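A closer look at the structure
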Amino acid sequence: MKSRASRPDSLADQSGGGALPGRLGEELRAELIAFRRDLHMHPELGNQEFRTTAAIKDRLEKAGLKPEVLAVGTGLMCDVGEWDGVTPMLALRADIDALPIPDTKAGVPYRSTVPDRAHACGHDVHTTTVLGAGLVLADLDRQGLLPNAVRLIFQPAEEVLPGGALDAIESGVLEGVGRIIGVHCDPKVDVGRIGLRIGAITSACDRLEITLDGPGGHTARPHLTTDLVTAAARIAVDVPALLARRVDARAGLALTWGRLETGHAPNVIPQHAELSGTVRCLNLDAWRDAPDLVHAAVDEVAGMHRAKTVINYVRGVPPVVNDAESIGLLDAAMTERRGSYAIEDTEQSLGGEDFSWYLEQVPGAMARLGVRTPGDTRGLDLHRGNFDVDEEAITVGVELFTAAALLDGGRS
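Residues numbered from 1 in each chain as written. Predicted model: local features only at pLDDT ≥ 70, side-chain atom pairs only at ≥ 80, totals over all residues. Heavy atoms only, no water.

- Under an unreviewed UniProt entry, the name given to the chain is Amidohydrolase, and the source organism is Streptomyces pakalii.

Here it is, written out as structure tokens:
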């Protein structure tokens, strides 16, 4: 772990030893935990988050705010405070969709009630922290303590490539915004702590689908036809190996297969095969070159086996590249709330995140929010059916966001 001095501390001297308002009261804390559990029990897939959207909208309206549903029909944006039309706002972003996997947790009352649907990536926590921050900031605004308007963004379809962030941007969520921040649950970080990193914190992620076709035939005579089973197997093995020799290893370009399907009988060479997987990359320049490199490698291997190919390379998301000043803001906010000991440096992951699309438009940063109970040895991870969080992370996330909003507004 790097020393804290390796991060920007331009705002560190503004910390007041916990003097900032905007801490989470016990009554609202209990309400937010109940809200998160309700979302967890009723997960909805990307672009289908109608119940989730309605629940967020209802609670914001009860607080006297005026949320707007996005043009795509799910997700919302909502301003806290009156924007003066000049001073750039800070945006707080949450993603609201769930995953198409079963919830396998046992012994908890908030297990998913929807078959094969689960909040296994922590989006219920992200949503609840931004909602809670909005409610706290709205109360501060009524007291005249909010120095600048803040925009809340509840974004749909983060799990659907190329990401619902593009639809949100098209709906105007960044109009008037000068900076955007967000958090992502990290089950490898203890609750009460956050992980920060300047520069790329996630990777680019694209989807690759390949279909192979040939005349088929009898397994007794593979020399008279195109052996698609062998062709598919060689593509699965050789294409990733070729890519590893055609890209600088420091770019971190990795093709990983998630599906290979072909054939129906042991003595029949099939006429059709399919492979699908993901292409991930640590480096933005290599990501831009990746489609051409992948196409060339697939064609080269398939050609050796006389297989006809159709390649569908689906562009996903670029890396999330954190702005140094925005990391400084998050550092100062966490220092204010929990002290510098609660901040750790974090590594770049190979996961993809459509938060990156916002950062193509405005500066910003994403922090990793610790959700592991100290001492927990279960090894919970994202995108697994048993994923769960220590709900104290909600309080941490809310207070991080409110401190960031107050510090950012105070220097505008």
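**Notes on the packing of helix 1 (residues 26–41) against helix 2 (residues 50–62)**
- One way to put it is that helix 1 packs onto helix 2 with a least axis distance of 11 Å and a crossing angle of 160 degrees. On the basis of their axis angle, the class for helix 1 and helix 2 is roughly antiparallel. The interaxial crossing formed by helix 1 with helix 2 has right-handed handedness. Contacts between helix 1 and helix 2 pair Glu 31, Phe 35, Asp 38 and Leu 39 from the former with Arg 51, Thr 52, Ala 55, Ile 56 and Arg 59 from the latter.
- Residue composition of the contact of helix 1 with helix 2, grouped by class: four nonpolar, one polar and four charged. (Axes fitted to C-alpha atoms, helices over the stretch in contact; angles between N-to-C directions. Helix = DSSP H or I, 4+ residues; strand = E, 2+ residues; numbered from the N terminus. Parallel < 35°, antiparallel > 145°, perpendicular 65-115°, else oblique. Left-handed = near helix turned anticlockwise from the far one by under 90°. Contact = heavy atoms within 4.5 Å. Nonpolar A, V, L, I, M, F, W, Y, C, P; charged D, E, K, R; others polar.)

**Considering the layout of surface pockets**
- If you add up the space inside the second largest pocket, you get close to 340 Å³.
- Of all elements in the fold, only strand 2 (76–80) and helix 3 (123–142) reach the threshold of two or more residues within the lining of the second largest pocket.
- Among the elements that make up the lining of the second largest pocket, the one with the highest residue count is strand 2 (four residues).
- Classifying every residue of the lining of the second largest pocket gives seven nonpolar, two polar and seven charged. (1 Å grid on protein atoms, 1.4 Å probe; cavity = no way out; pocket = protein on both sides within 12 Å on 5 of 7 lines; lining within 4 Å. Points joined across faces, edges and corners; volume = space filled by probe spheres on them.)

**As for the UniProt feature "domain: Peptidase M20 dimerisation" (unreviewed entry) in the chain**
- Look at the UniProt record and you will see "domain: Peptidase M20 dimerisation" (unreviewed entry) annotated at residues 208–301.
- In the segment residues 208–301, helix accounts for 39% and strand for 31%; the C-alpha atoms at its two ends are 16 Å apart. (UniProt positions renumbered as here; feature names shortened; annotations may be inferred.)

**Some points on the sheet that holds strand 6 (residues 194–196)**
- As summarised here, the arrangement of the eight strands in space is 1-2-4-3-5-16-6-15, forming an open sheet in which the pairing is mixed. Each having just a single partner strand, strand 1 (68–69) and strand 15 (343–345) make up the two edges of the open sheet.
- Two strands pair when backbone bridges link them, and strand 3 (residues 89–95) and strand 4 (residues 150–155) are joined in this way by six bridges, in the parallel orientation. Residue pairing in the sheet places Leu 90 in a bridge with Val 150 of strand 4.
- Sheet strands in contact with helix 2 are strand 1, strand 2 and strand 4, and its direction is about 15 degrees off that of strand 2. (Pairing = 2+ DSSP bridges.)

**Here we look at the packing of aromatic side chains**
- In this structure the tally under the stated criterion is one aromatic pair.
- If you follow Arg 315 out to its NZ or CZ, it ends over the ring of Trp 287, 3.9 Å from the centre. (Phe/Tyr/Trp six-rings, centres within 6.5 Å; stacked < 30°, edge-to-face > 60°. Lys NZ or Arg CZ within 6 Å of the ring centre and 35° of its normal.)

**Digging into the packing of helix 1 against helix 3**
- Contact geometry for helix 1 and helix 3: axes closest at 9 Å, N-to-C directions at 145 degrees. In the crossing of helix 1 with helix 3, the sense of the turn from one axis to the other is right-handed. Facing Leu 28, Leu 32, Phe 35, Arg 36, Leu 39 and His 40 of helix 1, the residues of helix 3 in contact are Asp 124, Val 125, Thr 127, Thr 128, Leu 131, Gly 132, Leu 135 and Val 136.
- Split into classes, the residues belonging to the contact of helix 1 with helix 3 amount to eight nonpolar, four polar and two charged.

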